[in-house]
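What follows is each chain in one-letter form.
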Amino acid sequence: MLTFDPKAISERENYKLLIGTIIPRPIAFVTSLAEDGTINGAPFSYFNIVSSNPPMISIALQRKEGRMRDTAKNIRNNREFVVHVVDDENVEAINKTAASLPPNQSELEQANLTLVTSQNVSVPGIKEAKVRFECTLEHAIELGEDGNVGVDLIIGKISMFHIDEEIYESGRINQVKLAAVSRLAGSNYAKIGETFSIERPK
């Protein structure tokens, strides 16, 4: 077995080890509102559940050369955002939003995504997602070493769930109909393939 000391290798090498081994990773498409009213949209694959009571999720937004991403700035300023689950029907359009654009230019227009009004937050969502969570900021945590912030960890509390009726069956989500996609390394993605069950011990 190979052994690597994260302090002895580069940040890029650490990144490759992480994204190549922690797979598959769910993808969050996040909409946020800039101070000038621009709707920002961007995908993030450092995304997961934090709690179900209350319902909370986390997104880690990696800084580029120490610069906070527009999404992180917007969430910290406005304290509201919307998270969407990326699926096989919207992944190509959402991939277009990963382009680096100026803060006053909306990625949603470039990807031809349709805005839909939220109920509890000022930030709109997108119609093309089967799942969206309206969120308020619970915690924003800057993480890094030696005074260098490398990531903004956002923890959001879900104030409203929006679920497509086609995937909602008897109180549960039909994972096949949701058809969520996940991030692998490089330009690679994965769909849910073969599944299996193992009973937990009592």
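Each value, and the rule that gives it
- Residues numbered from 1 in each chain as written.
- Predicted model: local features only at pLDDT ≥ 70, side-chain atom pairs only at ≥ 80, totals over all residues.
- Heavy atoms only, no water.
- Helix = DSSP H or I, 4+ residues; strand = E, 2+ residues; numbered from the N terminus.
- Rg over C-alpha atoms; globule rule 2.2 N^0.38 Å.
- Buried < 20%, exposed > 50% of the residue type's maximum accessible area, 1.4 Å probe, protein only.
- Contact = heavy atoms within 4.5 Å.
- Areas by Shrake-Rupley, 256 points an atom, 1.4 Å probe, with all protein chains shown as cover.
- Lys, Arg positive; Asp, Glu negative; His and termini not counted.
- Charge placed at Lys NZ, Arg CZ, Asp CG, Glu CD.
- Core = buried A, V, L, I, M, F, W, Y, C linked by side-chain atoms within 4.5 Å.
- Phe/Tyr/Trp six-rings, centres within 6.5 Å; stacked < 30°, edge-to-face > 60°.
- Pairing = 2+ DSSP bridges.
- Axes fitted to C-alpha atoms, helices over the stretch in contact; angles between N-to-C directions.
- pLDDT = per-residue confidence, 0-100.
- Polar contact = N/O pair within 3.5 Å; in protein donor to acceptor, adjacent residues only side chain to side chain.

A few words on the overall build of the chain. Scanning the chain from terminus to terminus reveals five helices and 14 strands. In terms of overall dimensions, the chain is globule-like: its C-alpha atoms have a radius of gyration of 18 Å, near the 17 Å expected for 202 residues. Projected onto its principal axes, the C-alpha coordinates of the chain cover approximately 50 × 50 × 35 Å. Here the chain holds 202 residues, and 38% of them are scored as buried. A sequence separation of at least 24 residues applies to 61% of the contacts in the chain between residues at least 6 apart. For the chain, the exposed area adds up to about 12,700 Å²; of that, 50% sits on carbon and sulfur atoms. Distance from the positive charge centre (22 side chains) to the negative charge centre (27 side chains) of the chain: 3 Å.

Val30, Ile57, Ile59, Phe81, Val83, Phe133 and Cys135 are the most contacted members of the largest nonpolar core, which has 23 residues in total. Among the elements of the structure, β2 (28-33), β3 (39-44), β5 (55-62), α2 (70-78), β6 (80-85), β9 (131-145) and β10 (148-163) are those that each provide at least two residues to this core. If you tally residues by element for this core, the top one is β9, at four residues. The residues touching Val83, leaving out its near neighbours within four places in the chain, are Ala28, Phe29, Val30, Phe47, Ile57, Ile59, Val131, Arg132, Phe133 and Cys135. The next biggest cluster of nonpolar side chains, apart from the first, holds twelve residues, and it includes Val86, Ala111, Ile126 and Ala129.

Between two aromatic rings, the relevant description is the distance of the centres plus the angle of the planes. Within this structure, the stated rule accounts for one aromatic pair. The interplanar angle of 90° and the centroid separation of 5.6 Å between the aromatic rings of Phe133 and Phe161 together place this pair among those described as edge-to-face. Here Phe133, found in strand β9, pairs with Phe161, found in strand β10; they are 28 residues apart in sequence, far enough to count as distant. According to the relative accessible area criterion, Phe133 is buried, its value standing at 12%.

Moving on, we come to the sheet that holds β10. With antiparallel pairing, the seven strands of this open sheet are ordered in space as β3-β2-β6-β9-β10-β5-β4. Because the sheet does not close on itself, it has two edges, and the strands there are β3 and β4 (47-52). This sheet shows a mean twist of 35° between the axes of neighbouring strands, independent of strand direction. Relative to β10, β5 is paired through seven bridges, and the arrangement is antiparallel. What sits directly across from Gln62, in β10, is Val151. On top of the sheet, α2 reaches β2, β3, β5, β6, β9 and β10; it is set at about 55° to β2, its chief contact.

A few words now on the pairing of β3. Every regular strand shows the same layout, with side chains that alternate between the two sheet faces. With five of six residues buried, β3 is to be regarded as a mostly interior element. Where β2 folds back on β3, the antiparallel hairpin that results is connected by five residues, among which Gly37 adopts a positive phi of roughly 95°.

What follows covers the confidence of the model for the chain. Averaged over all residues, the pLDDT of the chain is 94; the fraction at 70 or higher stands at 100%. Of all helices and strands in the chain, the one with the weakest mean pLDDT is helix α4 (residues 107-110) (83), whereas β6 scores best (98).

A separate point is the side chain of Asn40. By the element assignment, Asn40 lies in strand β3. Judged by relative accessible area, Asn40 falls into the buried class, the value being 4%. Of the polar contacts made by the side chain of Asn40, one reaches the side chain of Glu107; its length is 3.1 Å. In contact with Asn40, other than residues within four places in its own chain, are Val30, Thr31, Ser32, Asp70, Thr71, Asn74 and Glu107.

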